[in-house]
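Residue-level structural notes
Below, each chain spelled out in residue letters.
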Amino acid sequence: MKSLAELRKILFEIYDLKHAGALLSWDQTTYMPPGGAPARGRQLALLSRLAHERFTAPEVGRLLDAAEREVASLPADSDDAALVRVTRREFEQSVLIPTELVSALSEHSAESYQAWTLARPANDFATMRPILEKTLDLSRRIAECFPDRESIADPLIAFSDYGMKAASVRAVFDELRTRLVPIVRAITSRTPPDASCLAQHATASEQLDFGLGVIRKYGYDFDRGRQDMTHHPFMTKFSLGDVRITTRVREEDMTDALFSTLHECGHALYEQGIRMDFEGTPLANGTSSGVHESQSRLWENIVGRSRGMWEHFYPSLQAAFPSQLSKVPLDTFYRAINRVDRSLIRVDADEVTYNLHVMLRFGLELDLLEGRVEVKDLANVWRERFEADFGLPVPDDRRGVLQDVHWYSGVIGGVFQGYTLGNILSAQFFDAACAAHPGIPSDIVAGKFDVLRGWLSENVYQHGSKFTADEVVRRATGKPLSLDPYLAYLWGKYQPLYGLREEERTAAGVA
Ligand code: ZN
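These numbers come from a predicted model, not from an experiment. Here, residues in each chain are numbered from 1, in the same order as that chain's written sequence. Local features are withheld for residues below a pLDDT of 70 in this predicted model, meaning they are given only at 70 or higher, and side-chain atom pairs are given and counted only at 80 or more; totals for whole chains, interfaces and linings count all residues. Hydrogen atoms and water are omitted, and side-chain values are computed over all heavy atoms in the structure.

1. What to know about the overall build of the protein chain
Selection criterion: The helix count covers DSSP runs of H or I at least four residues long, the strand count covers runs of E at least two residues long, and both are numbered beginning at the N terminus. Put simply, the radius of gyration uses C-alpha atoms, and a globule should come to 2.2 Å times the residue count raised to 0.38. For each residue, the accessible area found with a 1.4 Å probe, counting protein chains only, is set against the maximum for its type, and the residue is called buried under 20%, exposed over 50%, and partly exposed in between. For this analysis, residues touch if any pair of their heavy atoms sits within 4.5 Å. Areas reported as accessible are Shrake-Rupley estimates using a 1.4 Å probe. Residue values count occlusion only from the protein chains shown. When charges are counted, Lys and Arg contribute as positive and Asp and Glu as negative, whereas His and the chain ends are disregarded. For this purpose, a charge sits on NZ of Lys, CZ of Arg, CG of Asp or CD of Glu.
Counting its secondary structure elements, the protein chain contains 22 helices and 3 strands. Radius of gyration (C-alpha) of the protein chain: 23 Å, near the 24 Å computed for a compact globule of 511 residues. With the C-alpha coordinates aligned to their principal axes, the bounding extent of the protein chain is approximately 65 × 50 × 45 Å. Counting only residues that meet the buried cut, the protein chain has 57% of its 511 residues in that class. Once local pairs closer than 6 in sequence are excluded, the contacts in the protein chain between residues at least 24 apart make up 73%. Of the roughly 20,400 Å² of accessible surface on the protein chain, 53% is carried by carbon and sulfur atoms. Once the 58 positive and 71 negative side-chain charges of the protein chain are each reduced to a mean point, those two points are 1 Å apart.

2. Details of the coordination of the zinc ion
We count it as follows: Here a donor is any nitrogen, oxygen or sulfur atom (N, O, S) within 2.8 Å of the metal, with 3.2 Å used for Na, K and Ca; water is not among the atoms considered, so some sites may look incomplete. Geometry is assigned from the angles between donors: four donors with all angles from 85 to 135 degrees make a tetrahedral site, four or six donors whose opposite pairs exceed 155 degrees while the rest stay between 65 and 115 make square planar or octahedral sites respectively, and everything else is labelled irregular.
Every protein donor of the zinc ion is listed here as His-263 (NE2), His-267 (NE2), Glu-293 (OE) and Glu-293 (OE), and their distances to the metal cover 2.1 to 2.7 Å. Coordination at the zinc ion is irregular, judged from the 4 donor atoms that bind it and the angles of 50 to 125° they form at the metal.

3. Topic: the sheet that holds strand β3 (residues 242–247)
Hydrogen bonds between backbone atoms are what pair the strands of a sheet, whose relative direction is either parallel or antiparallel. Short version of the rule: At least two bridges found by DSSP between two strands are what make those strands a pair. Note on method: axes are straight lines fitted to C-alpha atoms, helices fitted across the in-contact stretch only, with angles between N-to-C directions ranging 0 to 180 degrees.
The 3 strands are arranged β1-β3-β2 in an open sheet whose pairing can be described as mixed. This sheet does not close on itself; its edge strands, each paired only once, are β1 (227–229) and β2 (235–239). Looking at each pair of strands side by side, their axes are set apart by 30° on average, direction ignored. In the sheet, β1 pairs with β3 via 3 bridges, with the strands oriented parallel. The residue bridging Gln-227 from the neighbouring strand is Ile-245, located in β3.

4. Comments concerning unusual backbone geometry
With phi around 55°, Asn-123 is a residue other than glycine that occupies positive phi space. By secondary structure assignment, the location of Asn-123 is in the loop between α5 (99–119) and α6 (125–144).

5. Structural notes on the packing of aromatic side chains
Rules: Two rings belonging to Phe, Tyr or Trp (six-membered ring only in the last case) form a pair when the distance between their centres is within 6.5 Å. Interplanar angles under 30 degrees mark stacking, angles over 60 mark edge-to-face geometry, and anything in between is tilted.
A full pass over the atoms with the stated rule returns 24 aromatic pairs. Judged by centre distance (6.1 Å) and plane angle (75°), the rings of Trp-26 and Phe-238 are edge-to-face. Taken together, the residues span a long stretch of sequence, with Trp-26 in helix α1 (residues 2–30) and Phe-238 in strand β2 at a distance of 212 residues. Its relative accessible area of 10% is what places Phe-238 among the buried residues. Both rings, one in Tyr-113 and one in Trp-116, keep their centres 5.9 Å apart while their planes meet at 40°; by these two values the pair is tilted. Residue Tyr-113 and its partner Trp-116 are both found in helix α5; the two are separated by 3 residues, about one turn of the helix.

6. What to know about the side chain of Thr-99
Quick reminder of the rule: In protein, a polar contact requires one atom able to donate a hydrogen and another able to accept it; more generally it is a pair of N or O atoms within 3.5 Å, and residues adjacent in sequence count only if both atoms are side-chain atoms.
Within the fold, Thr-99 resides in helix α5. Here His-52 takes part through its side chain, which lies 3.1 Å from a polar atom of the side chain of Thr-99. Not counting chain neighbours up to four residues away, the residues in contact with Thr-99 comprise Arg-49, His-52 and Glu-53.

7. Some words on the nonpolar core
Our working rule: By nonpolar core is meant a set of buried Ala, Val, Leu, Ile, Met, Phe, Trp, Tyr and Cys residues that side-chain atoms within 4.5 Å join together. The start and end points of each domain follow an automatic or database-based domain assignment.
Core analysis: the biggest nonpolar cluster contains 136 residues, and Tyr-218, Trp-299, Val-303, Met-309, Trp-310, Trp-407 and Phe-429 have the highest contact counts within it. When residues in this core are grouped by element, the largest group, 11 residues, is from helix α8 (residues 166–188). Structurally, this core is a two-domain feature, drawing no fewer than three residues from each of domain 1 (2–149) and domain 2 (166–508). With 22 residues, the next largest nonpolar core counts Ile-14, Leu-83, Val-86 and Ile-274 among its residues.

8. Topic: the pairing of β2
Most of β2 sits out of view: 5 of its 5 residues are buried. As judged from the 4 bridges shared by β2 and β3, these two strands associate in the antiparallel manner. Its bridge partner being in β3, Met-235 is matched across the sheet by Ile-245.

9. Overview of α6
Where we set the bar: Under the convention used throughout, the expected extent of a helix is 1.5 Å for every residue step, that is, one less than its residue count. Throughout, the bend at a residue refers to the angle made by two axes, fitted to the seven residues ending there and to the seven starting there.
Across its 20 residues, α6 extends 27 Å between first and last C-alpha, which sits within 8% of the 28 Å expected from 1.5 Å per residue. Considering bend angle alone, the principal kink of α6 is centred on Ile-131 and spans about 30°. Listed in full, the buried residues belonging to α6 are Phe-125, Met-128, Leu-132, Thr-135, Leu-136, Leu-138, Ser-139, Ile-142 and Ala-143. Elements in contact with the buried residues of α6: α5, α7 (154–160), α15 (354–369) and α16 (375–390). The opening residue of α6 is Asp-124, an N-cap whose side-chain oxygen sits 3.4 Å from the backbone nitrogen of Ala-126.

10. A closer look at the environment of Pro-58
Within the element layout of this structure, Pro-58 appears in helix α3 (residues 58–71). Residue class for Pro-58 comes out exposed when judged on its relative accessible area of 60%. A C-alpha to C-alpha distance of 22 Å links Pro-58 and Leu-283, two positions 225 residues apart in sequence.

11. Considerations on the domain arrangement of the protein chain
Which entries qualify depends on this criterion: A quick way to say it: buried area is the sum, across both parts, of accessible area lost when two parts are put together, with a 1.4 Å probe. One speaks of a salt bridge when a side-chain nitrogen belonging to Lys or Arg is within 4 Å of a carboxyl oxygen belonging to Asp or Glu.
Each domain of the protein chain was delimited in the assignment, giving domain 1 (2–149) and domain 2 (166–508). A separation of 26 Å is found between the C-alpha centroids of domain 1 and domain 2. Taken together, the contacts link 41 residues of domain 1 with 48 residues of domain 2. For the pair domain 1 and domain 2, the summed buried surface comes to about 3,800 Å²; carbon and sulfur atoms form 64% of the total. For the pair domain 1 and domain 2, the interface holds 2 salt bridges. For Lys-466, the salt bridge identified is with Asp-79, shortest N-O distance 2.7 Å. At the surface where domain 1 touches domain 2, the tally comes to 16 residue pairs in polar contact (both at pLDDT 80 or more). Among the elements of the structure, α1, α4 (79–95), α5 and α6 are those that each provide at least two residues to the side of domain 1 that touches domain 2.

Here it is as C-alpha cells:
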C-alpha cells in the first residue's frame, strides 16, 4: 500500500489547508472586526486555491491510479477501498473546475457575505443585486464544468447531496408537497395555541447556560468543541478534535437560542462521532447535507420538542426562570414550542411549515440557474410565490429574499434541498433507532440519551463519508429514503395537539 500511504500524506495537507480556511471563516462570522474583511477574502481565496491546486495536481492522479490497483482485491466496504473510492469521486469533481474559478468564487463569497451583513438590516436588495448576478454567473460557470448533467443544477446538488439530481429532488418534493399541504391546511384552520409564555425577557447568559446544560446531556463533548455567538448560527470543524457550534440570542424570546443550540449540537454530534482514524482524509466529514440535517433536526425537533424531553427538562427550566415560568404549566409550554403558524422567516418556522420555505427556495434556485427567473426580478418573484404558498404578504426584502445567508455566501444551487431531505430522514432514522431499542422514548423522559446517540454513532456517525447517503440510509434503516415515517411522525404529534380528524389523515396519505 505504498501509493495509498503517499496519497494519505497529501490528503492530510489538503485537509489541513481546508480546515485552516474554515477557521478563518469561523472568525469572520464571529469575532472579526469589519475592517478585516478585504484581507480575509484574500486569505480565504489563497487557502482554497492552494488546497485545490494541491488536490488536482497530476501527482495525485497518478497516486490514485496506483492506489486503486493496490485496493482492487479488498472488499468494497473496507476502509482503504472506501478512502480510494471517495477520493476518486472528489478528485474527478475537482479536476473539472479551474483553480481560477475556485479562488474567484471564494473571494467573491467573502465580499458578498460582508455586503449582505449590511444590506439585510438595511432592507437593501438593490446593493445585493449586482453581487448576486455575479454569484449566479460563477455558480453557472462551475456547473458548466460538468458535461454530464441533465439540469445545470445537478453538479451543484451533487456537491452537497451526492446521488441526488434536480429531477430526483423535485420528485421527492412534489410528493411531499401533495401530502404535507393538507396537514398544514388542517392545522392552520384551528386556533393556534397561546405561545406568549415564550415571549418573555430572559438574559442572554442565562439562556446560554441552560442550552449548554442540555447539550452536555445530549453528549456534546466540550473538550472537543465550544459555542460562540454569530448572526446566522452554524456548526464548523477544524479537526475531529475541534467541532464548534455558534448561536445567537434574542432576549425577548426565551427558547430561540435554545433550539438553535440543539440544532447545531445535532450537527456537531455527527462530526464528533466520526471515527478518529479517518482524521485527515475525505472520509472525516458527514456524508451529505441531507444526512447532516437529519441529525440537527432529530436532536432539535424529534427529541428537543418532544413531550418526553420536557417532562424531564421543564422543572429545571422553571427553576432557571422562576419569574417567567413558575406559573406556566408544562402542557402550555409544550404546546407553545410546537405552535404551527404560517410565518415569514425560514429559520423561525415550525417543523410543519418549514418545508414549504425550503421548497420555495429550491424552486427559485432551479429557476435562476435554468434561466426562467432573472436576479433583477428575484425579490418580486419571491413575494408572489411566498404569498401563493403561505397566504401572507412579504412586507420587505429583509424578511423576504434577503433573509438567508446562503445565496450571499457561496453558490446558488444545491444549498437548500438538504434541509427538507434532512427532515424526512430524521424521522426515518429515529424510527429505526426505536425499533432497535424500544426503550429510547422512556430514556428521553429520564433525560438519558446515550442509547439513542449510541445507535446513531454506530449506524451513521462513525462512518463519516465512507458510505454515500443512500447507502447509510439503507444500511441503517433497511430502506431507501421514504416519506412515510416523516408524515406519520407529523401526524402522530400534531393530531392530538390540534385535534385533527380522521378524514384529514387520509387527505395527507398517512397510513
Ligand atoms: Zn442545520
